[in-house]
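# Breakdown of the fold
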Amino acid sequence: MATLTPAESGEFIVKNAKFLKVNEDGIKSFVKEVIAGIQSKVIDVDNFSQHEHHPKPTDPHAPNWIFLIDTLNFCFWTPGDATKWKVNEQTGYFSLCAAINRALKEGIDITNPSYYSKITLGQLEKILRSDDGQTKAPLLPERVQCLHEVGQVLLEKYEGNFENCVKACNNSAVALLKLVTDEFPCFRDEATFNGKRVSLYKRAQILVGDLWACYRGEGLGRFDDIEKITMFADYRVPQVLVHFKTLEYTDELMDVLKSDKIMENGCPEEVEIRGASIYIVERLKDLVTEELKANHPDISTKNVNAVLLDHFLWDYRRKHASELEYIPFHKSISVYY
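Below, the structure is looked at part by part. The structure presented is a predicted model; accordingly, all values stated were derived computationally and were not measured. (Residues numbered from 1 in each chain as written. Predicted model: local features only at pLDDT ≥ 70, side-chain atom pairs only at ≥ 80, totals over all residues. Heavy atoms only, no water.)

### Focus: the side chain of D234
- Relative to the helices and strands, D234 resides in the loop between α10 (202-214) and α11 (237-243).
- Of the side chains bearing the opposite charge, K202 lies closest to the buried D234, which forms no salt bridge; the N-O distance is 5.4 Å.
- A polar atom in the side chain of D234 sits 3.0 Å from the backbone nitrogen of V237.
- With near-sequence residues (within four places) excluded, D234 lies in contact with K202, R274, W314, H330 and Y337. (Helix = DSSP H or I, 4+ residues; strand = E, 2+ residues; numbered from the N terminus. Buried < 20%, exposed > 50% of the residue type's maximum accessible area, 1.4 Å probe, protein only. Lys, Arg positive; Asp, Glu negative; His and termini not counted. Salt bridge = Lys/Arg side-chain N within 4 Å of Asp/Glu carboxyl O. Polar contact = N/O pair within 3.5 Å; in protein donor to acceptor, adjacent residues only side chain to side chain. Contact = heavy atoms within 4.5 Å.)

### Looking at the packing of aromatic side chains
- Throughout the structure, instances matching the rule amount to 14 aromatic pairs.
- Both rings, one in Y93 and one in W314, keep their centres 6.3 Å apart while their planes meet at 85°; by these two values the pair is edge-to-face. Here Y93 is found in helix α4 (residues 92-105), whereas its partner W314 is found in helix α14 (residues 306-319), with 221 residues between them in sequence.
- Using a relative accessible area of 7% as the deciding quantity, one classes Y93 as buried.
- Put simply, the rings of F30, F244, F312 and Y316 touch in pairs and so form one group of aromatic residues.
- Across from the ring centre of F74, 4.2 Å away, lies the NZ or CZ of R143, which sits over that ring. (Phe/Tyr/Trp six-rings, centres within 6.5 Å; stacked < 30°, edge-to-face > 60°. Lys NZ or Arg CZ within 6 Å of the ring centre and 35° of its normal.)

### Looking at the nonpolar core
- With 117 residues, the main nonpolar core has F162 and F184 as its most contacted residues.
- It is helix α13 (residues 268-295) that provides the largest number of residues to this core, a total of 10 residues.
- Not counting residues up to four positions away in its chain, the partners in contact with F184 are F67, E149, V150, V153, L154, C165 and L179.
- Within the second largest apolar cluster, 7 residues are counted, among which are F12, I13, F193 and V271. (Core = buried A, V, L, I, M, F, W, Y, C linked by side-chain atoms within 4.5 Å.)

### Description of the pattern of salt bridges
- One pass over the full model with this rule turns up 13 salt bridges.
- Here R283 and E24 are joined by a salt bridge, their closest N and O atoms 2.3 Å apart. Placement of R283 in helix α13 and of E24 in helix α2 (residues 24-39) is noted, with a sequence separation of 259 residues between them.
- Residue classification places E24 among the partly exposed residues on the basis of a relative accessible area of 25%.
- Where R197 meets E190, a salt bridge forms, and the shortest distance between an N and an O atom there is 3.4 Å.

### Regarding the layout of surface pockets
- The calculated volume of the largest pocket comes to roughly 950 Å³.
- Lining the largest pocket are 42 residues, and of these F76, W77, T78, Y235 and R236 lie nearest its centre.
- Looking at the lining of the largest pocket, the element that brings in the most residues is α14, giving 5 residues.
- Split by residue class, the lining of the largest pocket holds 21 nonpolar, 10 polar and 11 charged.
- By volume, the second largest pocket is sized at about 350 Å³.
- Along its surface, the second largest pocket is lined by 21 residues, and T5, P6, V174, L177 and Y201 are the ones closest to its centre.
- At the level of secondary structure, the elements contributing two or more residues to the lining of the second largest pocket comprise α1 (6-15), α9 (173-183) and α13.
- When residues of the lining of the second largest pocket are assigned to their parent elements, the largest contribution, 5 residues, is made by α9.
- In terms of residue class, the lining of the second largest pocket is made up of 7 nonpolar, 6 polar and 8 charged. (1 Å grid on protein atoms, 1.4 Å probe; cavity = no way out; pocket = protein on both sides within 12 Å on 5 of 7 lines; lining within 4 Å. Points joined across faces, edges and corners; volume = space filled by probe spheres on them. Nonpolar A, V, L, I, M, F, W, Y, C, P; charged D, E, K, R; others polar.)

### A closer look at the environment of S172
- Residue placement: S172 occurs in the loop between α8 (162-167) and α9.
- Considered as a pair, S172 and L96 are 76 residues apart in the sequence and their alpha carbons are 28 Å apart.
- Once residues within four sequence positions are removed from consideration, S172 is found in contact with F223 and D225.
- There is a polar contact of 3.4 Å between the side chain of S172 and the backbone nitrogen of V174.

### Regarding helix α3 (residues 62-71)
- The buried fraction of α3 is high, at 10 of 10 residues.
- Every buried residue belonging to α3 is among A62, P63, N64, W65, I66, F67, L68, I69, D70 and T71, and all of these are buried.
- The inward-facing, buried residues of α3 contact α4, α5 (113-116), α7 (140-157), α8 and α10.

### As for a negative patch on the surface
- Judged by side-chain charge, E248, D251, E252 and D255 come together as a negatively charged surface patch.
- The element that contributes the greatest number of residues to the negative patch is helix α12 (residues 251-258), accounting for 3 residues.
- If you trace the backbone, D255 turns up in helix α12.
- A residue is classified by how much of its surface remains accessible, and D255, at 52% relative accessible area, is exposed. (Patch = residues over 30% accessible without salt bridge, like charges linked within 9 Å, V, L, I, M, F, W, Y side chains within 5 Å. Areas by Shrake-Rupley, 256 points an atom, 1.4 Å probe, with all protein chains shown as cover. Charge placed at Lys NZ, Arg CZ, Asp CG, Glu CD.)

### Description of the pairing of strand β4 (residues 190-193)
- Bridge analysis of β4 against strand β5 (residues 196-199) gives 4 bridges, and the strand direction is antiparallel. Across the sheet, T192 pairs through a bridge with R197, a residue of β5.
- In textbook terms, the turn of a hairpin is the stretch between consecutive antiparallel strands, and for β4 and β5 this stretch comprises 2 residues, one of which, N194, has a positive phi near 50°. (Pairing = 2+ DSSP bridges.)

### A look at the packing of α9 against α10
- For the pair α9 and α10, interaxial distance at closest approach is 9 Å and the crossing angle is 135°. For the element pair α9 / α10, the angle class is oblique. As for the relative orientation of α9 and α10, their crossing is right-handed in sense. The segment α9 lies against α10, with A173, L176, L177, V180 and T181 engaging A204, Q205, L207, V208 and L211.
- Here the contact of α9 with α10 is composed, by residue class, of 8 nonpolar, 2 polar and no charged. (Axes fitted to C-alpha atoms, helices over the stretch in contact; angles between N-to-C directions. Parallel < 35°, antiparallel > 145°, perpendicular 65-115°, else oblique. Left-handed = near helix turned anticlockwise from the far one by under 90°.)

On their own, these measurements won't tell you what the molecule is for.
Okay, structure coming up:
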């Protein structure tokens, strides 16, 4: 069975959704918010909130650092009132960045696949240790498994350097996405929905986006088709989409979300939420581009891609976390996001 691309998947999922609906008027209203973000340079590749935690493009280990981080970039949410995993007072994704950067300062060769392809559970647990010395990072055995898998492939086929994967793709984001999802199964974020094989590819696409952002779209981060990358479907961005009335859940789905029930990865409800997120951001991207061309010819459309729109939504959620708590988010235990 052929697998739909993420953009095709989003459209197919929304057309066949039973647990939610997309509000076109809400998307159109949200266009103004995005254009204001572009005008104020909130939406700009230089304004990535990650930049202060990520390596600089001049750092020789940058490609392997980014690949390592996105191999481990999944499942940071904390159930109920459990203590959050914190490193250097950071939580979630940024605690992962802080832990890896701390390991490098301690002289651990953590970005080298020769090291992490054989890493032990005890070694990773120590590298990801929390500030309180008690709380453990989630899914440690699964993270070890992912590191072993990708590390072995890099050593066997790419001389132990992710940069060789990127160079093999000749400045094509789509080619790199295909290489990553073909070569590294833990990045193959797919599901069967309504008789079709759909792809969400959250971590694989964020990997492409992180490279593009790190290098500001130049050199190793130059992708001539970056517009083909969609947003990174996770569990937090949908809160923003519901808040701005671009996405609406049925009462049935809202009851499930409020119950804090763990959704099985690949179940229809989970796939619908993630697929609708992709579809909405694709529509938003198209409508913003049309509006800029029609009424703001002085503003370049180069900042209108799903990578930057996703970061805008993700950062909005972080900045307005307490304000958005009224919207429950779906919870799934998965290595894919």
